[in-house]
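# Examination of the molecular architecture
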Protein chains: 2
Amino acid sequence: MAMVASKPLRTRRKMQRVTIMDVAARAELSPSTVSLYFRKPDAVSAAASEAIARAIEALDYVPNLMAGGLAAASSRVVSIIVPSVRNAFFAETVTALQDELGKQRLQVMLSHTEYKEHDEENLVRTALSWAPAAVVLTGLSHSAATRRLLRDSKVPVVEIWELGSPTMDMAVGFHHDQVGHAAASHLLQRGRKRLLFLGARLHEDRRAARRAQGFVEAARNAPDVTAEIIQHPAPASAEVGAMLLGEALHRFPNVDGIACSNDHIALGVIFECQRSGVAIPERLSVMGFGDLSFSAAANPSLTTIRPPGDLIGKEAARLIIARLAHLGAEPEQAVIDTRFTLLHRQSS
Amino acid sequence: MAMVASKPLRTRRKMQRVTIMDVAARAELSPSTVSLYFRKPDAVSAAASEAIARAIEALDYVPNLMAGGLAAASSRVVSIIVPSVRNAFFAETVTALQDELGKQRLQVMLSHTEYKEHDEENLVRTALSWAPAAVVLTGLSHSAATRRLLRDSKVPVVEIWELGSPTMDMAVGFHHDQVGHAAASHLLQRGRKRLLFLGARLHEDRRAARRAQGFVEAARNAPDVTAEIIQHPAPASAEVGAMLLGEALHRFPNVDGIACSNDHIALGVIFECQRSGVAIPERLSVMGFGDLSFSAAANPSLTTIRPPGDLIGKEAARLIIARLAHLGAEPEQAVIDTRFTLLHRQSS
DNA sequence: GCTCAAGATAATAGCGCTATTATGTAGCTG
DNA sequence: CAGCTACATAATAGCGCTATTATCTTGAGC
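Thresholds, definitions, all that
Residues numbered from 1 in each chain as written. Chains lettered and ligands numbered in written order. Predicted model: local features only at pLDDT ≥ 70, side-chain atom pairs only at ≥ 80, totals over all residues. Heavy atoms only, no water. Core = buried A, V, L, I, M, F, W, Y, C linked by side-chain atoms within 4.5 Å. Buried < 20%, exposed > 50% of the residue type's maximum accessible area, 1.4 Å probe, protein only. Contact = heavy atoms within 4.5 Å. Helix = DSSP H or I, 4+ residues; strand = E, 2+ residues; numbered from the N terminus. Expected span 1.5 Å × (residues − 1). Polar contact = N/O pair within 3.5 Å; in protein donor to acceptor, adjacent residues only side chain to side chain. Buried area = accessible area lost by both parts, 1.4 Å probe. Salt bridge = Lys/Arg side-chain N within 4 Å of Asp/Glu carboxyl O. Phe/Tyr/Trp six-rings, centres within 6.5 Å; stacked < 30°, edge-to-face > 60°. Pairing = 2+ DSSP bridges. Axes fitted to C-alpha atoms, helices over the stretch in contact; angles between N-to-C directions. Domains from an automatic or database assignment.

Within an unreviewed UniProt entry, the label attached to chain A reads LacI family DNA-binding transcriptional regulator, and the organism entered is Bradyrhizobium zhengyangense.

## Notes on the nonpolar core
Core analysis: the largest hydrophobic core is formed by 156 residues, its most contacted members being Ile 80, Leu 198 and Phe 215 of chain A together with Ile 80, Leu 198 and Phe 215 of chain B. Once residues lying within four places of it in the same chain are set aside, the contact partners of Phe 215 of chain B are Gly 180, His 181, Ala 183, Ala 184, Leu 187, Leu 195, Leu 196, Phe 197 and Ala 259 of chain B.

## A look at helix α5 (residues 88-103) of chain A
Residues and elements named next belong to chain A. When the terminal C-alpha atoms of α5 are compared, their 23 Å separation across 16 residues agrees well with the 22 Å that a helix rising 1.5 Å per residue should span. Inspection of α5 places Phe 89, Phe 90, Ala 91, Thr 93, Val 94, Thr 95, Ala 96, Leu 97, Gln 98, Glu 100 and Leu 101 among the buried residues, and these make up the whole buried set. Here α5 starts with a cap whose side-chain oxygen sits 2.8 Å from the backbone nitrogen of Phe 89, and that cap is Asn 87. One or two residues past the end of α5 sits Arg 105, with phi positive at roughly 55 degrees.

## A look at the interface of chain B and chain A
Each partner contributes to the interface: chain B provides 56 residues, whereas chain A provides 56 residues. Both faces combined, the contact of chain B with chain A buries some 5,000 Å², and carbon together with sulfur accounts for 59% of it. When the area that chain B buries against chain A is broken down by residue, the three leading residues are Met 66, Trp 130 and Phe 271 of chain B, summing to 13%. Inspection of the chain B/chain A interface yields four salt bridges. Residues Asp 60 of chain A and Arg 125 of chain B are paired through a salt bridge, measuring 3.4 Å at the closest nitrogen-oxygen approach. Secondary structure elements with two or more residues in the side of chain B that touches chain A: α4 (65-72), α5 (88-103), β2 (107-112), α6 (117-128), α7 (144-153), α10 (238-251) and α11 (263-276) of chain B.

## So, the packing of aromatic side chains
Geometry of an aromatic ring pair is reported as the spacing of the ring centres plus the angle between the planes. Enumeration over the complete set of coordinates arrives at 21 aromatic pairs over all chains. On the basis of an interplanar angle of 25 degrees and a centroid distance of 5.6 Å, the ring pair of Phe 89 of chain A and Trp 161 of chain A is categorised as stacked. Linking Phe 89 of chain A in helix α5 with Trp 161 of chain A in the loop between β4 (157-160) and β5 (170-173), this pair joins segments that are 72 residues apart in sequence. Overall, Phe 89 of chain A belongs to the buried group, its relative accessible area being 10%. The class of Trp 161 of chain A is buried, set by a relative accessible area of 2%. Note on Phe 271 of chain A and Phe 271 of chain B: the rings are 5.4 Å apart at their centroids and 5 degrees apart in plane angle, and the pair reads as stacked. Taken as a pair, Phe 271 of chain A in helix α11 (residues 263-276) and Phe 271 of chain B in helix α11 lie in two separate chains rather than in one.

## Brief notes about the sheet that holds strand β7 (residues 226-232) of chain A
All names here are of chain A. Spatially, β7-β6-β8-β9 is the arrangement adopted by the four strands of the open sheet, whose pairing is parallel. Of all the strands in the sheet, just β7 and β9 (285-287) have a single pairing partner and so form its edges. When strand polarity is set aside, the average angle formed by the axes of neighbouring strands in this sheet is 15 degrees. The pairing of strand β8 (residues 257-260) with β9 spans three bridges and is parallel. Bridging from a neighbouring strand, Gly 257 pairs with Ser 285 of β9. Its contacts with the sheet place helix α10 (residues 238-251) against β6 (194-200), β7 and β8, and it is angled at close to 140 degrees to β7.

## Topic: the domain arrangement of chain A
All names here are of chain A. Each domain of chain A was delimited in the assignment, giving domain 1 (17-63), domain 2 (72-174 + 310-340) and domain 3 (176-306). If you average the C-alpha positions of domain 2 and of domain 3, the two centres end up 31 Å apart. Facing 17 residues of domain 2, the contacting portion of domain 3 comprises 16 residues. Between domain 2 and domain 3 lies a buried interface of about 1,400 Å² when both sides are counted; carbon and sulfur atoms form 58% of it.

## Observations concerning the side chain of Arg 192 of chain A
Residue and element names in this part refer to chain A. Mapped onto the fold, Arg 192 is located in the loop between α8 (176-189) and β6. Here Glu 282 takes part through its backbone oxygen, which lies 3.5 Å from a polar atom of the side chain of Arg 192. Reaching out from Arg 192, the side chain makes a polar contact with the side chain of Ser 285 at a distance of 2.9 Å. Leaving out residues up to four positions away in the same chain, Arg 192 has contacts with Leu 187, Asp 256, Gly 257, Pro 281, Glu 282, Arg 283, Leu 284 and Ser 285.

## Points about the environment of Ile 270 of chain A
Residues and elements named next belong to chain A. Its place among the elements puts Ile 270 in helix α11. Residue classification places Ile 270 among the buried residues on the basis of a relative accessible area of 1%. Linking Ile 270 and Ser 347, residues 77 residues apart in sequence, is a C-alpha distance of 8.6 Å. Sequence-distant contacts of Ile 270, that is, excluding residues within four places in its chain, are made with Ile 280, Ala 298, Asn 299, Pro 300 and Leu 302.

Right, dumping it as structure tokens:
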């Protein structure tokens, strides 16, 4: 007798979690209306809204964003992949992104490659597992597989902190070779002729490498000027800067102008010059990149180039929000050049 | 005639997304087995595993973690809430957490309060919307509502970067008053008697405030020693440090020992001393907190106290992973004191 | 009074996966 | 060779929400 076959053996944890149904029951409305209350508050009457708000309050309801994301086939997560969180530049951008996106109730999921571009593909794959509303990547060089994954997923993509090569979708940043140019021009203008670029980890940090390249290129276009690059494989730090200055003075005793791949290096150069009695800027002009928090307060204060990390984050967020607002429409490409600023201070 | 009533009007986007069913079909297995392949690879035969792997590869399958999380009633997300990402301390911890958790395929979702404790509750609420596997909070002071939310949710909680008050669940960090004590002891040992603590944003940064308090307490316990706190409302920076030193010399002309709430402040103090011709350490001993990347390279190199930011992240991750492994078992409280290290350098 | 539009609310069928249970298939034992 | 166990695979019923469609209510217009 097959009659008894389907006893409801189904226990399943049936958590006593508060759901949208509980809220609906308490507000004496249907779950649909409660859902609408969250998604399109204007479509719900004032009376209903109030009842729902009261029920939420009373039950301490916390919506389940995974259920929502699954049903809607897209989450309110924006996945951001940067080389490193410890880098003050990216930290600034991430903070701005988080603030701006947060206003639209978009969540940030952050990952970092530690400058191993090879990992990016896996991070993107994981990111896509959350059906993100958008993905933010750093720089413009990505593996073919990464590009394919993103293209197929049709997720909006913003590439930040670099312009130059073709972009996948949207981009916000500036041209790093122009930074190098600007640095060289500045030193030339100060009458410097024997120039050096001190860099850290240039083989991994492509953007720093492009700055170095732009620097040398611009310098060598000027008459009677020499320009070289000295680099160190370790991440940028004041310690590395001090070492690089030692090497610089040793190999190029009459160097008179130095541009550093970032302010940490420049800080180390300043300290080392103090120790070895090299007068800045009299004998040696020094400039950095980043305008980190200590740069203005240094002794001498540091001439540097300020990348608009905050603005990059804000603009990227703006592009994402705009794109999400017109999801149906033909996506328009957007490339925003945020430029950068040279801050002339005492060290040059 | 009611017969036609339920035409399948249901179109619904039916994305052509690749699902676990597609993988199963291609591997000629059931979806259950494919799911098992992801969750408990050992339970699947070698032959089946291989077929599944091939199908995944061929279809470029990306699992939908939201569907998984919904079905499993818990996600592989660990939500981390720190005061600020721009702060090098927390950046280090977050990086370590991300690395360690990543090894277990746990994702980090990061938020920041910008030192507005009031926001924490909202962030926790949002975090819980993702049914996270664990929540990491900074510090020990949280609103009653926050505590209730977390308690009710039964999610593992780790509080980091501070010990002292009672903890909610697990905690990893150190005692900030002990840092203050250690700093005072060090300066006393160097024969200093007129001590100052220079701090930034002490009303918001409770941990810095506790360091200040510990410092003054320890100093005043010694005979013939005076100790005061001077503070500035802005976030810590070298600029603020320089200003604070100015104020310090003005108000306490015979100060001979200074502890700063962090290395940025101390760096500003060093620069300002250089400018005003105050000899460090001859006339004035200076110490910081943080051992930031420039501290060892400074001129003079900076005596400082190093908080184990990396270790805190690693230990927190370890606790979380251990807890998740024994989810059934009675959760055991864990409080880990990571201590800190005083690094004696030239500035004192 | 009746139609119609606009506005508000409700009913319904999944979203893609996992947990649980059920079924099949060897490989032993005595 | 029945009877059992261990292992491998499959069937099933949701998880909590949203999108879509359907229904109900109201008030205006004639």
